[in-house]
Amino acid sequence: MELKFTPLKNDLLLRAARGETVERPPMWVMRQAGRYLPEYHEAKGGRDFFETCRDPEIASTLTLQPVERYAGLLDAAIIFSDILVIPQAMGMVVEMIDKKGPHFPDPLKTPADEQYAEVLARDVDVGKELGYVYKAITLTRKKLDGRVPLIGFCGSPWTLFCYMVEGGGTKLFAQSKTWVYRYPEETKKLLHKISDICVDHLALQVQAGAQLVQVFDSWAGELGPATFKEFSEPFLAHIAQKLPEKLRSMGLDVVPMIVFPKGAWFALDSMCDIGYDVVGLDWLYDPADAVKVRGDRKVTLQGNADPGCLYGSKEGITKAVQTMVDGFWKGQGKGWIANLGHGITPGVDPDNLKHFFEEIHRLTKN
Ligand code: 1CP
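Residues numbered from 1 in each chain as written. Predicted model: local features only at pLDDT ≥ 70, side-chain atom pairs only at ≥ 80, totals over all residues. Heavy atoms only, no water.

1. Structural notes on the overall build of the protein
Scanning the protein from terminus to terminus reveals 17 helices and nine strands. Since a compact globule built from 366 residues should have a radius of gyration of about 21 Å, the 19 Å found for the protein is in line with a globular shape. Principal-axis analysis of the C-alpha atoms places the extent of the protein at approximately 60 × 45 × 40 Å. Within the span of the protein, comprising 366 residues, buried residues form 60% of the whole. Summed over its atoms, the accessible surface of the protein is roughly 15000 Å², and 51% of this surface lies on carbon and sulfur atoms. Charge-centre separation for the protein: the mean point of 43 positive side chains lies 3 Å from the mean point of 48 negative side chains. (Helix = DSSP H or I, 4+ residues; strand = E, 2+ residues; numbered from the N terminus. Rg over C-alpha atoms; globule rule 2.2 N^0.38 Å. Buried < 20%, exposed > 50% of the residue type's maximum accessible area, 1.4 Å probe, protein only. Areas by Shrake-Rupley, 256 points an atom, 1.4 Å probe, with all protein chains shown as cover. Lys, Arg positive; Asp, Glu negative; His and termini not counted. Charge placed at Lys NZ, Arg CZ, Asp CG, Glu CD.)

Given below as structure tokens:
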């Protein structure tokens, strides 16, 4: 069943994602609703992070904050949630520790563990476990009232797997690498299980009102070309293939899909062929080189300024924008969604993000 909402007044992002020629590049930034905004801290108060995700009223308020602050500049909203709601739906406990990040008190240790068998065997009903995400999306669509499209998202199977075995953020990836190099088949079984849950979660987000979806493979670059091909790419491809099938079977329209394989510069060529409409790039790519790798394939590139440029001066930010505009946009007029190369970081002055948007606007005006 398709829900009815106010038609979009600004559908620039959807047109650019589909590869159409557009009047200017759409812009949004990863983690745009978050800690750099004083109004985020005000609205969140002392609440636990996952409690805010589970409260559709607060989650929608947080989603709208950047849309309101940057009205007329920002071309998308992204639902306030987290990639780690999937491990939670799979029965794992995930806490968010203030100023430290996510923590799993009981991560997966080895395939011989009882917990591994339990997680694999568990029949996960995301509709039941993550109903609050879908409620938040529907409420946000209503509050947006057609101002900009709403993006839904999930973590990639590989990135979620890393958190499930590491138990939180890591620099070494010791557990993830132990699994990859010691238990490759058991690792793939789990990745496959996670992939199917990602498809279900994305489909229900679309049913609830998400107009475009992004898969965050934040730890893609921890793998090398050969291991990425084995432990991440097939599962990203599985999502790209199954989601449209699932949406059609639910009587829903197919939505554009974005993949963000952070750090996997070696995979750009194959990422343009696995079924995504948009490939997100981090700042380690030279925009003009990425455009060359894409060639004439109908894939839109998204990114990719160093998020750290927003700690810079106005001139520094302008220079970073100019590099993107020259590489992605000049002589093209399509195929680019302006963004940072990763999430905006805490401590950035929100006015610097405004300057970033204004400069994209100014430097891409015909
Ligand atoms: O505007 C938005 O994008 C907000 C919605 C959002 C998204 C898309 C949040 C809220 N998290 C995410 C995705 C997410 N979460 C990713 C993929 C994007 C990326 O690579 O940045 C990842 C890796 C996570 C996991 C996570 N959640 C971390 C990273 C930990 C690590 O390993 O370094 C952290 C710090 C969180 C908490 C979190 N999620 C979101 C917010 C606003 C916060 C901060 C909570 C707080 O302290 O107030």
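2. Some remarks on the UniProt feature "domain: Uroporphyrinogen decarboxylase (URO-D)" (unreviewed entry) in the protein
In the numbering used here, UniProt assigns the feature "domain: Uroporphyrinogen decarboxylase (URO-D)" (unreviewed entry) to residues 26-35 and 151-167. Counted over residues 26-35, helix gives 0% and strand 0%. Its end C-alpha atoms are 23 Å apart. Summarising residues 151-167: 59% helix, 29% strand, and an end-to-end C-alpha distance of 27 Å. (UniProt positions renumbered as here; feature names shortened; annotations may be inferred.)

3. Description of the pattern of salt bridges
For the structure shown, the criterion picks out 21 salt bridges. A salt bridge links Glu57 to Lys143; its shortest N-O distance comes to 2.7 Å. Linking Glu57 in helix α4 (residues 56-69) with Lys143 in helix α8 (residues 131-144), this pair joins segments that are 86 residues apart in sequence. Overall, Glu57 belongs to the partly exposed group, its relative accessible area being 43%. Under the relative-accessibility criterion, Lys143 is labelled partly exposed at 26%. Put simply, Arg297 and Asp269 hold a salt bridge, and the shortest N to O gap is 2.6 Å. (Salt bridge = Lys/Arg side-chain N within 4 Å of Asp/Glu carboxyl O.)

4. Topic: the packing of α4 against α8
One can describe the packing of α4 onto α8 by two numbers: an axis separation of 8 Å at closest approach and a directional angle of 45°. Viewed along their axes, α4 and α8 adopt a mutual orientation that is oblique. Considering how the two elements wind past one another, α4 and α8 form a crossing that is right-handed. Note on element contacts: α8 touches α4 through Tyr132, Lys135, Ala136, Leu139, Thr140, Lys143 and Leu144, opposite Pro56, Glu57, Ala59, Ser60, Thr61, Thr63, Leu64 and Val67. Considered class by class, the residues forming the contact of α4 with α8 number eight nonpolar, four polar and three charged. (Axes fitted to C-alpha atoms, helices over the stretch in contact; angles between N-to-C directions. Parallel < 35°, antiparallel > 145°, perpendicular 65-115°, else oblique. Left-handed = near helix turned anticlockwise from the far one by under 90°. Contact = heavy atoms within 4.5 Å. Nonpolar A, V, L, I, M, F, W, Y, C, P; charged D, E, K, R; others polar.)

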